[in-house]
Amino acid sequence: MQDKRIALVTGANQGIGLQIAKDLVSHGLTVLVGSRNLARGEAAAEEIGPDARALQLDVTDRASIADAAERIRSEFGQLDILIQNAAISNTNRKPGQSVEDYAKTTRASNVSLDEMRAVWETNVFGVLAVYQAMLPLLRKAPAARIVNVSSGAGSLTMNAAPDAPYRSIFGPVYPASKTALNALTLAMAIELEPEGIAVNAVSPGFTKTNLNGFAGTDSVEEGAREAVRVALLDAESPTGTFTHATLGTIPW
Ligand code: NAP
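Okay, so let's go over this structure.

1. Overview of the overall build of the chain
Along the backbone of the chain there are eight helices and eight strands. Here the chain has a C-alpha radius of gyration of 17 Å; the compact-globule value for 252 residues is 18 Å, and the two agree. Considered along the principal axes of its C-alpha atoms, the chain spans approximately 55 × 40 × 30 Å. Looking at the chain residue by residue over its 252 residues, the buried ones come to 50%. In the chain, once contacts between residues fewer than 6 apart in sequence are set aside, the share between residues at least 24 apart is 67%. When the accessible surface of the chain is totalled, it reaches about 11,800 Å², and 54% of it is carbon and sulfur.

2. A short note on the pattern of salt bridges
Tallied over the full model, the rule gives nine salt bridges. For Arg229, the salt bridge is made with Glu226, and the minimal N-O distance between the two is 2.8 Å. Note that Arg229 and Glu226 are positioned in helix α8 (residues 220-231) at a spacing of three residues, about one turn of the helix. Through salt bridges with shared partners, a single ionic network connects Arg53, Arg71 and Glu75.

3. Digging into the sheet that holds strand β6 (residues 198-203)
Within the open sheet, the eight strands sit side by side as β3-β2-β1-β4-β5-β6-β7-β8. Their pairing is mixed. Of all strands in the sheet, those bounded by a partner on one side alone are β3 (52-56) and β8 (248-249). In this structure, strand β4 (residues 81-84) lies alongside strand β5 (residues 145-149), joined through four bridges in parallel fashion. The partner of Ile83 across the bridge, within β5, is Val147. Packed on one face of the sheet, helix α7 (residues 174-192) meets β5, β6 and β7 (242-244) and runs near 160° to β6.

4. Some points on the site of the ligand
The ligand sits among 29 residues. The nearest are Asn13, Arg36, Tyr174, Thr207 and Thr209. Ala87 has a polar backbone atom sitting 3.5 Å from an oxygen atom of the ligand. Thr209 places a polar side-chain atom, nitrogen or oxygen, 2.5 Å from an oxygen atom of the ligand. Protein chains bury 95% of the 900 Å² of accessible surface belonging to the ligand in isolation. Taken together, the elements giving at least two residues each to the shell around the ligand come down to α1 (15-26) and α7. Of the residues in the shell around the ligand, the class split is 11 nonpolar, 14 polar and four charged.

Calculation criteria
- Residues numbered from 1 in each chain as written.
- Predicted model: local features only at pLDDT ≥ 70, side-chain atom pairs only at ≥ 80, totals over all residues.
- Heavy atoms only, no water.
- Helix = DSSP H or I, 4+ residues; strand = E, 2+ residues; numbered from the N terminus.
- Rg over C-alpha atoms; globule rule 2.2 N^0.38 Å.
- Buried < 20%, exposed > 50% of the residue type's maximum accessible area, 1.4 Å probe, protein only.
- Contact = heavy atoms within 4.5 Å.
- Areas by Shrake-Rupley, 256 points an atom, 1.4 Å probe, with all protein chains shown as cover.
- Salt bridge = Lys/Arg side-chain N within 4 Å of Asp/Glu carboxyl O.
- Pairing = 2+ DSSP bridges.
- Axes fitted to C-alpha atoms, helices over the stretch in contact; angles between N-to-C directions.
- Near = heavy atom within 4 Å.
- Polar contact = N/O pair within 3.5 Å; in protein donor to acceptor, adjacent residues only side chain to side chain.
- Nonpolar A, V, L, I, M, F, W, Y, C, P; charged D, E, K, R; others polar.

Put into structure tokens, the structure is as follows:
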């Protein structure tokens, strides 16, 4: 019988996901370090310590997702916390190309549909596929929670404001994938509200990671903070929220 709570963090072999995994272990949880490359996941789990276990999980691969769910079922019987963190920002940004220049090549008028599909496959459909596979395990836990790692870049309300700081790079690939993730978050929260399973979105803020070529301004410790806080909230806390560690509530 497993007495520690079990958390799964997708894309936890580096960046914010790795830090979330470290923080959850330090709060006494057993953490499954999701990694599409098992060797990288094992290296990360070893770095974190004995309460971290690598779990091969490519969120775009149905067989990988099914195998991961089956392993959790057979080893632990339930899942208490699911953190959907894995994401990509692009598949074809050229080395050295700035975010602004990449944005000019991925406007609604000229974006490659293949580029948009590839990013949405991970950031949107991958999240839904993992949700569907893990839900039976979350339903077995007494007070399960899901945290979707989104971004303020996906906020329609913020980007609709003429003076919004990142408005010029709002486009169909990464920013709109996070808008779609926000929509999924709300759909999941509404679906699971009667069962008492909370589903919340968080924004890490502009964090120094591989995703942005380490151009971010915040540390991974800062970037992980809100996901960890929301993951550890009690069963009475609200569902269907979108928050940042210092900015508080972010408008959808
Ligand atoms: P990161 O360092 O690039 O980490 C992304 C993680 O996702 C990596 O572990 C990566 O695995 C994994 N991943 C990518 N595709 C995957 C797939 N198909 N299946 C499983 N895992 C996959 O980026 P990060 O900045 O930590 O991003 C973490 C989350 O924060 C993302 O949801 C991102 O959108 C969000 N976010 C980041 C920022 C920021 O400024 N960094 C701002 C707002 C939101 P590999 O190592 O194998 O590539």
